[in-house]
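Secondary and tertiary structure notes
What follows is each chain in one-letter form.
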Amino acid sequence: MSSTRYESILLFGAPGAGKGTQGHILGQIPGFFHLSCGDVFRTLDINSPDGREIYEYSSRGELVPDATTIKVWKRHLDALTVLSVYKPYEDVLILDGIPRNRSQAKILEEHVHVLQIVHLVCPDTEAMIRRIRRRAIRENRADDAHETVIRKRFEVYEAETRPVLEYYPKSSVSDVDAIGSPAEVLLKILKCVVPVQNAHFRHELPEE
Ligand code: ADP
């Protein structure tokens, strides 16, 4: 692989489509490393300048400005790499929640090589809103607390994030039906991503 760009698979889909759930499970499997941009943001100290700015936008359901998003995300990824928590020569990076607009997709090209986009498709917006409401209670999330904020996030997804799909070649986008139990959806995702992983990484067990 190239020395500077990380081999990556994007988990893509509307809020509540299950990117976080599936990314978390995938990240437990050797050879995959999951990084959610929203999770990176939530690790920040809310009283720090970056933390305050991110809270200001995310609590309104708006996108955080690109410069802050990329700076904070890259800093976190670099730290994980330096600590060898993420090992770029062993693990496919599963990116979730980034890029969220075309400009981020362009900036990201410098840092990651996108092998595939797994598009979690869920045409039932109301079902996704119900999922988000359950998560709001479970995780105490400010961006999920009010119906108006949730609806705003869907608007932002349609206007800014969905067009990101057109940024990449059609052949690299795999549509996956996001309806079903986490295990059912996982099965469908694995069918897409395992061949891509095998094509780019050789995983041999060390000899006993
Ligand atoms: P979800 O999983 O519901 O899509 P996330 O946890 O990914 O939500 O993100 C929560 C909030 O953080 C978003 O609504 C947005 O305000 C902000 N955010 C996350 N990722 C990005 C990004 N790549 N660019 C701009 N804002 C982002």
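Okay, so let's go over this structure. (Residues numbered from 1 in each chain as written. Predicted model: local features only at pLDDT ≥ 70, side-chain atom pairs only at ≥ 80, totals over all residues. Heavy atoms only, no water.)

1. Brief notes about the packing of helix H6 (residues 125-139) against helix H7 (residues 147-161)
- Two elements in contact, H6 and H7, have axes separated by 11 Å at closest approach and are oriented at 130°. Taken together, the axes of H6 and H7 are oblique relative to one another. In the crossing of H6 with H7, the sense of the turn from one axis to the other is right-handed. Taking contact as the criterion, the partners of Thr-125, Glu-126, Met-128, Ile-129, Ile-132, Arg-133 and Arg-135 in H6 are, on H7, Glu-147, Ile-150, Arg-151, Arg-153 and Phe-154.
- Its residues assigned to classes, the contact of H6 with H7 shows 5 nonpolar, 1 polar and 6 charged. (Axes fitted to C-alpha atoms, helices over the stretch in contact; angles between N-to-C directions. Helix = DSSP H or I, 4+ residues; strand = E, 2+ residues; numbered from the N terminus. Parallel < 35°, antiparallel > 145°, perpendicular 65-115°, else oblique. Left-handed = near helix turned anticlockwise from the far one by under 90°. Contact = heavy atoms within 4.5 Å. Nonpolar A, V, L, I, M, F, W, Y, C, P; charged D, E, K, R; others polar.)

2. Points about the site of the ligand
- Among the 19 residues in the neighbourhood of the ligand, the closest are listed as Glu-62, Arg-100, Gln-104, Arg-135 and Arg-153.
- Contacts to the ligand include Glu-62, whose backbone N or O atom sits 2.7 Å from an oxygen atom.
- Contact distances for the ligand include 3.0 Å between a nitrogen atom and a backbone N or O atom of Val-64.
- Taken by itself the ligand offers 560 Å² of open surface, and the protein chains cover 96% of this.
- The element contributing the most residues to the shell around the ligand is helix H2 (residues 37-42), with 4 residues.
- Among the residues forming the shell around the ligand, the class breakdown is 6 nonpolar, 5 polar and 8 charged. (Near = heavy atom within 4 Å. Polar contact = N/O pair within 3.5 Å; in protein donor to acceptor, adjacent residues only side chain to side chain. Areas by Shrake-Rupley, 256 points an atom, 1.4 Å probe, with all protein chains shown as cover.)

3. A word on helix H3 (residues 49-58)
- Along H3, the residues classified as buried are Asp-50, Gly-51 and Ile-54. End-on view of H3: buried residues confined to an arc of 100°, all on one side of the axis. What points out from H3, more than 90 degrees from its buried face, is the exposed set Pro-49 and Arg-52.
- For H3, the elements touching its buried residues are H2 and helix H4 (66-82). (Buried < 20%, exposed > 50% of the residue type's maximum accessible area, 1.4 Å probe, protein only. Arc of directions from axis to C-beta.)

4. What to know about unusual backbone geometry
- Ile-98 connects to Pro-99 through a cis peptide bond whose omega is 0°.
- When you line up the elements, Pro-99 lands in the loop between strand S3 (92-96) and helix H5 (102-108).
- In this model, Ser-84 sits at a positive phi of 60°, which is unusual for a non-glycine residue.
- Within the element layout of this structure, Ser-84 appears in the loop between H4 and S3.

5. A closer look at the packing of aromatic side chains
- Following the criterion strictly, the structure yields 4 aromatic pairs and no others.
- Considering the side-chain rings of Phe-12 and Tyr-157, the 6.2 Å spacing of their centres and the 50° angle between planes classify their relative orientation as tilted. Placement of Phe-12 in strand S1 (residues 6-13) and of Tyr-157 in helix H7 is noted, with a sequence separation of 145 residues between them. Like Phe-12, the residue Tyr-157 is buried in the burial classification.
- Stacked on the ring of Tyr-57, the Lys or Arg Arg-60 has its end atom at 5.1 Å from the ring centre. (Phe/Tyr/Trp six-rings, centres within 6.5 Å; stacked < 30°, edge-to-face > 60°. Lys NZ or Arg CZ within 6 Å of the ring centre and 35° of its normal.)

6. A closer look at H4
- For H4, with 17 residues, the first-to-last C-alpha span of 24 Å sits near the 24 Å given by 1.5 Å per residue.
- Along H4, the positions that sit buried rather than exposed are Asp-66, Thr-68, Thr-69, Ile-70, Val-72, Trp-73, Leu-77 and Leu-80.
- One or two steps after H4, the chain reaches Ser-84, where phi turns positive at roughly 60°. (Expected span 1.5 Å × (residues − 1).)

7. Overview of the pattern of salt bridges
- If you walk through the whole model with that rule in mind, you get 11 salt bridges.
- Across the salt bridge formed by Arg-42 and Asp-39, the nearest N and O atoms sit 3.0 Å from each other. Of the two residues, Arg-42 and Asp-39 both sit in helix H2, 3 residues apart, roughly one turn of that helix.
- Judged by its relative accessible area of 42%, Arg-42 falls in the partly exposed class. (Salt bridge = Lys/Arg side-chain N within 4 Å of Asp/Glu carboxyl O.)

None of the figures reported here should be taken as evidence of function without further support.
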